[in-house]
Amino acid sequence: MVPRFLKAAGGGMRRRTIVLGAAMLPLAARARDGRTVDVLYAGSLLNLMERGIAPAFDALGGDRFRGYAGGSGALVNQIRGGLRRGDVFISADPALNDRLGATQGDQVRWYIVFARSPLVIGYDPRSGFADSFRTRPWYEVLQQTGIRIGRTDPALDPKGALTVRMLRQAEQFYHQPGLAARIMGSDASGQVRPEENLVGRLQSGQIDAGFFYAMETADLHIPTVTLPPDLSLAARYSVTILRDAPNPEGAARFVAFLLGEAGGAILRRHGLEKVAPVLTGDGSMMPALLRPLIHP
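Residues numbered from 1 in each chain as written. Predicted model: local features only at pLDDT ≥ 70, side-chain atom pairs only at ≥ 80, totals over all residues. Heavy atoms only, no water.

- Going by the annotation in an unreviewed UniProt entry, the name recorded for the protein is Tungstate/molybdate binding protein, with Gluconacetobacter sacchari DSM 12717 given as the source organism.
- Quoted verbatim from the Sequence similarities (unreviewed entry) field of UniProt, the annotation for the protein is "Belongs to the bacterial solute-binding protein 1 family. WtpA subfamily." (UniProt positions renumbered as here; feature names shortened; annotations may be inferred.)

This is how it looks when you write it as structure tokens:
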């Protein structure tokens, strides 16, 4: 089966809480122009988008979802460089929207934070290290000879940056100087993989363990090691419509669906934690369909 998705490689904004108008969104979503909505999204959402959001959105009739998965930072670089054009951008780190703000290409005027997912360590239950993960401290297991670890590039993906940050915090928490360097190893490129295929590498046995978001592992029933509260870091997902979106009307309908009751139910089924949506930026630049969702 050929998947429908294609793999891809200004600060000071105001924040306001959004209240979702559940009754209004399905009605507004009925108007269709039959065009494709191109959604550039964080690779950690690949299974959610491809198997959950996309078929449900397409089933409404008219607009058709087309997704491009990649590290959020890599997608920002592609958008800024004119290498990738889309209607909607979903990032795992809201701060990355600022790199597309008024002084840096002016592609993002506003964005909405709508969900979160904690960082966890996932492991292959068939791996020779699986029993160790169940019985020994995770930081000891990740230092064992021969273990194959996967993580994403901290320069291109928020999950990779959170991984490095967590490992450095773990040095202090566990009183283990040099722990981060020992786990990441001297050959960092041997661990760093694209976000959109890291889960696949674990499932296929190419790596023994990796750093993931809880929604990825929960969705695919991958066993995990939950980090202690002092080391708890999480992705925060945001959505926006790019200023030069080829299909802004379809993009607005997609965002309305994503944030509405039907979209929210799909997010929860796939293990994503919904949060009270918060708007950052100039709400007057939002499409008319979305403006009524803003709490006065």
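Observations regarding the side chain of Asp-38
And then number 1: Residue position: Asp-38 is located in strand 3 (residues 36–42).
And then number 2: Of note is the side chain of Asp-38, whose polar atom sits 2.6 Å from the side chain of Arg-66.
And then number 3: Setting aside residues no more than four positions away along its own chain, Asp-38 makes contact with Arg-66, Tyr-68, Gly-86, Asp-87 and Val-88. (Helix = DSSP H or I, 4+ residues; strand = E, 2+ residues; numbered from the N terminus. Polar contact = N/O pair within 3.5 Å; in protein donor to acceptor, adjacent residues only side chain to side chain. Contact = heavy atoms within 4.5 Å.)

Regarding the packing of aromatic side chains
And then number 1: Summed over all chains, the structure comprises 10 aromatic pairs.
And then number 2: Ring geometry for Tyr-139 and Tyr-174: centres 4.2 Å apart, planes at 40 degrees, overall tilted. With Tyr-139 in helix 5 (residues 138–141) and Tyr-174 in the loop between helix 6 (158–173) and helix 7 (179–184), the pair connects residues that are 35 residues apart, well separated along the chain. Across this residue pair, the class does not change: Tyr-139 and Tyr-174 are buried.
And then number 3: Ring centres of Phe-173 and Tyr-174 lie 4.9 Å apart, and the angle between their planes is 85 degrees; on these two criteria the pair is classed as edge-to-face.
And then number 4: For Phe-173, a relative accessible area of 34% puts it in the partly exposed group.
And then number 5: Residue class for Tyr-174 comes out buried when judged on its relative accessible area of 19%.
And then number 6: Through pairs of rings, three or more aromatic residues link up here, namely Tyr-41, Phe-57, Phe-65, Phe-254 and Phe-257. (Phe/Tyr/Trp six-rings, centres within 6.5 Å; stacked < 30°, edge-to-face > 60°. Buried < 20%, exposed > 50% of the residue type's maximum accessible area, 1.4 Å probe, protein only.)

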